[in-house]
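# Working through the structure, step by step
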Amino acid sequence: MTDSNVQRKRVLVLGGTVYLSREIARLAAERGHEVTVAARGTSGAAPEGVEFVRIDRAEAGGVDALRGREFDAVFDVARLPGLVGPVLDALAEGAGHWSFVSSISAYARHDVVSDELHEPTAPDSVDPALERYGASKVACENLVRERLGDRALVSRPGLIVGPGDPNDRLGYWPLRLAEGGEVLAPGDPERPVQWIDVADYAAWLLDAAEAGLSGTFDVIGEPVGMGAFLEGIADALAGAGIIAERPSLTWVEQEFVSKHGVNHWAGPQSLGLWVPSPEYDGFGARPSAPAVAAGLRLSPLADTIKRWWEANTEAPQLIAGITREKEGAVLGAWHDRTRRFAVPQAEA
Ligand SMILES: NC(=O)c1ccc[n+]([C@@H]2O[C@H](COP(=O)([O-])OP(=O)(O)OC[C@H]3O[C@@H](n4cnc5c(N)ncnc54)[C@H](OP(=O)(O)O)[C@@H]3O)[C@@H](O)[C@H]2O)c1
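The text that follows walks through the structure, step by step, so that each part is easy to find. Note that the coordinates shown come from a computational prediction; the quantities given were computed from them, not determined experimentally. (Residues numbered from 1 in each chain as written. Predicted model: local features only at pLDDT ≥ 70, side-chain atom pairs only at ≥ 80, totals over all residues. Heavy atoms only, no water.)

When helices and strands are counted, the chain shows ten helices and 15 strands. The C-alpha radius of gyration of the chain comes to 22 Å, within 12% of the 20 Å expected for a compact globule of 348 residues. Projecting the C-alpha coordinates of the chain onto the three principal axes gives extents of approximately 85 × 45 × 35 Å. Every one of the 348 residues in the chain was classed for burial, and the buried ones make up 50%. In the chain, 75% of the contacts between residues at least 6 apart in sequence involve partners at least 24 apart. Here the chain displays about 16000 Å² of accessible surface, and carbon together with sulfur accounts for 50% of that area. Distance between charge centres in the chain, computed from 33 positive and 50 negative side chains, equals 2 Å. (Helix = DSSP H or I, 4+ residues; strand = E, 2+ residues; numbered from the N terminus. Rg over C-alpha atoms; globule rule 2.2 N^0.38 Å. Buried < 20%, exposed > 50% of the residue type's maximum accessible area, 1.4 Å probe, protein only. Contact = heavy atoms within 4.5 Å. Areas by Shrake-Rupley, 256 points an atom, 1.4 Å probe, with all protein chains shown as cover. Lys, Arg positive; Asp, Glu negative; His and termini not counted. Charge placed at Lys NZ, Arg CZ, Asp CG, Glu CD.)

In structure tokens:
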């Protein structure tokens, strides 16, 4: 345990075999808590030193292995309310604190910063359609609050970055900037982007559970311009001795980048963290202050990049990102276009 005032707690992580939920379980065990993780066991392995209980929340009776057990703190990362109801039935009564990981996608609008939420899906919905992700999270949140009351903490993270991210949207940038040369930078360098480091988030969730914090919080870092973000990564790489020469960024208008088949935000052929304006003007500007006031500590970007880099010594296969060929084609077309509109020196 990091703090001798913090008592050893019985911690249950529903999930605990991948990325965020695994980091919560790993850190809880490191802090000396008695940790149980519960999952199907198909996505990954539990961290060392924790109890693994096999459950399948989608099956009738699939959480019976946990029924009646008591925990001081429960963490859940589910996406579907139909999978949240059964664990609440089995465990809510014997839980001291329940921390539900929702998402910034619970908000209905991303063009402005607004607290309007999606209409929730039905409380027993198991519809996994991506279009209903935000609405499903709202329904999950409601179930947790209804059953746990002031023992419930609901957090809404924005983009979670760090080692082990299965959809790695950060990773393209340090890898590409480390390669050097001319780098395609999308849109407006002033356009704000936000992220939360998985280590900071897991630490805060544990601190909050240990302190019995309840309520609803966005969990996200301070907005930073896309230009400052990319330069910050280059600074981190230079500071760590990974690059000797700085890459040069060429900023290309967002419509031009999109028109050439580069997607924003995530997935194949995408540039991570980049979102178009004005549709997503509210997306990079969620408030970080309330969670910071409630104890969230934000790592400097250089530390986040260092941790990501050290965990990825073997270059990872990223889902997000574009090939060097694609980047070269877009940059080539951009320079051709600029050249066409340039006034020849003799005529100037
Ligand atoms: N990544 C981001 O940038 C981002 C942004 C905003 C919000 N979020 C939220 O952050 C959370 C991320 O959680 P995570 O990193 O731990 O990843 P995750 O993919 O949500 O993990 C799901 C966990 O639940 C288990 N699971 C899935 N189906 C199950 C079932 N039917 N029965 C029992 N267990 C089941 C999985 O293990 P098995 O498959 O082995 O069962 C795994 O351990 C999610 O709530 C996500 O919505 C993420």
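Back to the write-up after that little detour.
All told, the structure shown has three cavities of 30 Å³ or more when counted by the stated rule. Of the residues in the lining of the largest cavity, the class split is nine nonpolar, three polar and no charged. (1 Å grid on protein atoms, 1.4 Å probe; cavity = no way out; pocket = protein on both sides within 12 Å on 5 of 7 lines; lining within 4 Å. Points joined across faces, edges and corners; volume = space filled by probe spheres on them. Nonpolar A, V, L, I, M, F, W, Y, C, P; charged D, E, K, R; others polar.)

In this section: the site of the ligand. Near the ligand lie 28 residues; those nearest to it are Thr17, Ser21, Ser43, Arg79 and Tyr133. Within the backbone of Val18, one N or O atom sits 3.2 Å away from an oxygen atom of the ligand. Here Val77 contributes a backbone N or O atom positioned 2.7 Å from an oxygen atom of the ligand. Counting only elements with at least two residues in the shell around the ligand, the list comes to helix H1 (19-30) and helix H3 (133-148). Looking at which element gives the most residues to the shell around the ligand, the answer is H1, with three residues. (Near = heavy atom within 4 Å. Polar contact = N/O pair within 3.5 Å; in protein donor to acceptor, adjacent residues only side chain to side chain.)

Take the packing of helix H4 (residues 172-179) against helix H6 (residues 226-239) next. Axis separation between H4 and H6 bottoms out at 10 Å; the angle between their running directions is 65°. In this structure, H4 meets H6 at a crossing whose hand is right-handed. Residue-level contacts link Trp173, Pro174, Leu177 and Ala178 of H4 to Met226, Phe229, Leu230, Ile233, Ala234 and Leu237 of H6. Its residues placed into classes, the contact of H4 with H6 shows ten nonpolar, no polar and no charged. (Axes fitted to C-alpha atoms, helices over the stretch in contact; angles between N-to-C directions. Left-handed = near helix turned anticlockwise from the far one by under 90°.)

This next bit is on the environment of Ser125. Tracing the backbone shows Ser125 in the loop between strand S5 (98-101) and H3. C-alpha separation for the pair Ser125 and Pro157, spaced 32 residues apart in sequence, amounts to 22 Å. Dropping the residues within four chain positions of it, Ser125 is found in contact with Leu80, Pro81 and Gly82.

Attention shifts here to helix H5 (residues 198-211). Here H5 is 14 residues long and its end C-alpha atoms lie 20 Å apart, about the 20 Å a rise of 1.5 Å per residue gives. Summarising burial for H5: eleven of the 14 residues are buried, a large majority. Residues Val198, Asp200, Tyr201, Ala202, Ala203, Trp204, Leu205, Leu206, Ala208, Ala209 and Glu210 constitute the buried set of H5. Backbone geometry just after H5 places Gly212 at a positive phi near 70°. (Expected span 1.5 Å × (residues − 1).)

Of the two faces of strand S4 (residues 73-76), the one carrying Ala73 and Phe75 and the one carrying Val74 and Asp76 are both buried. Examined bridge by bridge, strand S1 (residues 10-14) and S4 share four bridges and lie parallel to one another. Within S4, the position partnered with Val13 by the bridge is Phe75. Summarising the sheet, S4 and S5 pair through three bridges and their orientation is parallel. The residue of S5 that forms the bridge with Val74 is Trp98. (Pairing = 2+ DSSP bridges.)

Turning next to the side chain of Asn312. Mapped onto the elements, Asn312 comes out in the loop between helix H9 (301-311) and helix H10 (324-341). Taking the relative accessible area as the measure of exposure, Asn312 reaches 15% and is therefore buried. Here the side chain of Asn312 touches Trp308 through a polar contact of 2.8 Å, landing on its backbone oxygen.

Enumeration according to the criterion identifies seven aromatic pairs in this entry. With centroids separated by 5.0 Å and ring planes inclined at 80°, the aromatic side chains of Trp265 and Phe283 adopt a geometry described as edge-to-face. Residue Trp265 is located in strand S14 (residues 263-265), and its partner Phe283 is located in the loop between strand S15 (270-272) and helix H8 (289-293); the two are separated by 18 residues in the primary sequence. Take Trp265: its relative accessible area is 21%, and that puts it in the partly exposed class. Aromatic ring contacts, followed pair by pair, group Trp265, Tyr280 and Phe283 into a single cluster. For Arg286, the ring lying beneath its charged end belongs to Tyr107, and the centroid distance is 3.6 Å. (Phe/Tyr/Trp six-rings, centres within 6.5 Å; stacked < 30°, edge-to-face > 60°. Lys NZ or Arg CZ within 6 Å of the ring centre and 35° of its normal.)

What follows covers the side chain of Arg169. Secondary-structure assignment places Arg169 in the loop between strand S7 (160-161) and H4. Despite its burial, Arg169 pairs with no opposite charge, the nearest such side chain being Asp165 at 4.4 Å. Those residues in contact with Arg169, other than ones at most four positions away along the chain, are Leu159, Trp265, Ala266, Gly272, Leu273 and Ala320. (Salt bridge = Lys/Arg side-chain N within 4 Å of Asp/Glu carboxyl O.)

Attention now goes to the sheet that holds strand S11 (residues 215-219). Spatial strand order, S3-S2-S1-S4-S5-S6-S11: seven strands in an open sheet with parallel pairing. Only two strands of the sheet have a single partner each, and these edge strands are strand S3 (51-54) and S11. Here the average twist between neighbouring strands, direction ignored, is 20°. Strand direction decides the pairing type here: S1 and strand S2 (residues 34-39), joined by five bridges, are parallel. When the bridges of S2 are listed, Arg10 appears paired with Glu34. Running over the sheet, H5 touches S4, S5, strand S6 (152-157) and S11 and is turned about 165° from S6.

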